[in-house]
Amino acid sequence: MSDTPNPLLRPRRKPQSLSQEVVAALSAMIDNGSLKPGDKLPTESEIMQTQGVSRTVVREAISRLQAAGQVETRHGIGTFVLEARKGSNINIDPATITTMRDLLALLELRISLETETAGLAAARRSEEQLQEIREALDLFRANQQAGGDTVGPDFRFHFAIANATGNRYFIEIISHLGMGVIPRKRINTAELAHDQQASYLDRVQREHEDIFEAIARGDAEAARAAMRNHLTNSRERLRRAQQEAESGAAGNAS
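Please read these numbers as outputs of a predicted model, since none were measured by experiment.

A. The pairing of strand β1 (residues 71-74), seen in detail. Relative to strand β2 (residues 78-81), β1 runs antiparallel, the two sharing four bridges. Bridge pairing links V71 to V81 in β2. The hairpin turn running from β1 into β2, its antiparallel successor, is three residues long, and G76 in that turn takes a positive phi close to 85°.

Put into structure tokens, the structure is as follows:
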């Protein structure tokens, strides 16, 4: 029997979130070789029991590991560890996306990229992939109502749509950008838009629902239009905020 301690059973620290704690535990098992490329992860039930968390938390954690390129889920079989990625050729460092100008430039890229992912997802998605998109939306709403994290489920929603295209290049780009693609991960977009946080998130969720409904119907053009509307709205809120910030700075300097 191996003497290597199982990170899933270690005493719980105070985590940023329950799902992040599960991510850290599973990542540690991958890093120390307890789980090797090709190995199957413990089942959802096993992780729930050892970590003392809900199935929703486990699924969010696995989605994050998928987004990081550490694991892949084969429906009906399980989730397996992937080979470590070699150096990425995408010369975009999410850590450098820190200003409103950066976020606006990234949103322009996302409008082009994710408009098409939505259309392809509507044409190609499986029922399992549609369910994954639905679960991300449900988690967003549940966390919003509980005052919890909405950035993770928001990214999971966009990543699930990219995954439903079946095109690994879309998946890799969204995965590489990570949760930094969600503007409020970087700045308080609701405050910048002079909006109440609850109202702001309600509007985001309605836009998400429009995208989901079009994908569920298999209406590729409607899905593209809904995604473009969602991301364009995000860009316009940031653009107005940037203009106000620059006007304020100019006024203070005069």
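There is more to say after this.
B. The packing of helix α2 (residues 44-51) against helix α3 (residues 55-67), seen in detail. The contact between α2 and α3 brings their axes to 9 Å, and the two run at 110°. Of the possible angle classes, the one that applies to α2 and α3 is roughly perpendicular. In the packing of α2 onto α3, the handedness of the crossing is right-handed. Mapping the contact onto sequence places E44, S45, I47 and M48 in α2 and R55, V58 and R59 in α3.

C. Region of interest: the packing of aromatic side chains. By the definition in use, this model includes one aromatic pair. It is R74 that lies over the ring of F80; its NZ or CZ is 4.1 Å from the centre. The positively charged end of R134 is found above the aromatic ring belonging to F212, 4.7 Å away from the centroid.

D. Fine view of the pattern of salt bridges. In total, this model carries 16 salt bridges according to the counting rule given. Among the salt bridges present, the one from R134 reaches D138, with a minimum N-O distance of 3.1 Å. Residue R134 and its partner D138 are located together in helix α5 (residues 127-146), separated by four residues, close to a single helical turn. By relative accessible area, R134 is classed as buried at 19%. On the basis of relative accessibility, which here comes to 40%, the residue D138 falls in the partly exposed class. What you see here is one network of salt bridges that share partners, running through E44, R55, R59, E132, E135 and R156.

E. A look at helix α7 (residues 168-177). When we look at burial in α7, the residues that qualify are F170, I171, I174, S175 and L177. Take α7 and look down its axis: the buried residues cluster within an arc of 165°, on one side only. With a side-chain oxygen lying 2.9 Å from the backbone nitrogen of Y169, the N-terminal cap of α7 falls on N167.

F. Highlighting the packing of α5 against helix α6 (residues 151-164). Orientation of α5 relative to α6, taken along the N-to-C sense of each, is 170°, at an axis distance of 8 Å. Classified by the interaxial angle, the pair formed by α5 and α6 is roughly antiparallel. Contact residues: Q129, E132, I133, E135, A136, L137, L139, F140 and N143 in α5; P153, D154, R156, F157, A160, I161, N163 and A164 in α6. Here the residues of the contact of α5 with α6 sort into 10 nonpolar, three polar and four charged.

The rules behind the values
- Residues numbered from 1 in each chain as written.
- Predicted model: local features only at pLDDT ≥ 70, side-chain atom pairs only at ≥ 80, totals over all residues.
- Heavy atoms only, no water.
- Pairing = 2+ DSSP bridges.
- Helix = DSSP H or I, 4+ residues; strand = E, 2+ residues; numbered from the N terminus.
- Axes fitted to C-alpha atoms, helices over the stretch in contact; angles between N-to-C directions.
- Parallel < 35°, antiparallel > 145°, perpendicular 65-115°, else oblique.
- Left-handed = near helix turned anticlockwise from the far one by under 90°.
- Contact = heavy atoms within 4.5 Å.
- Phe/Tyr/Trp six-rings, centres within 6.5 Å; stacked < 30°, edge-to-face > 60°.
- Lys NZ or Arg CZ within 6 Å of the ring centre and 35° of its normal.
- Salt bridge = Lys/Arg side-chain N within 4 Å of Asp/Glu carboxyl O.
- Buried < 20%, exposed > 50% of the residue type's maximum accessible area, 1.4 Å probe, protein only.
- Arc of directions from axis to C-beta.
- Polar contact = N/O pair within 3.5 Å; in protein donor to acceptor, adjacent residues only side chain to side chain.
- Nonpolar A, V, L, I, M, F, W, Y, C, P; charged D, E, K, R; others polar.

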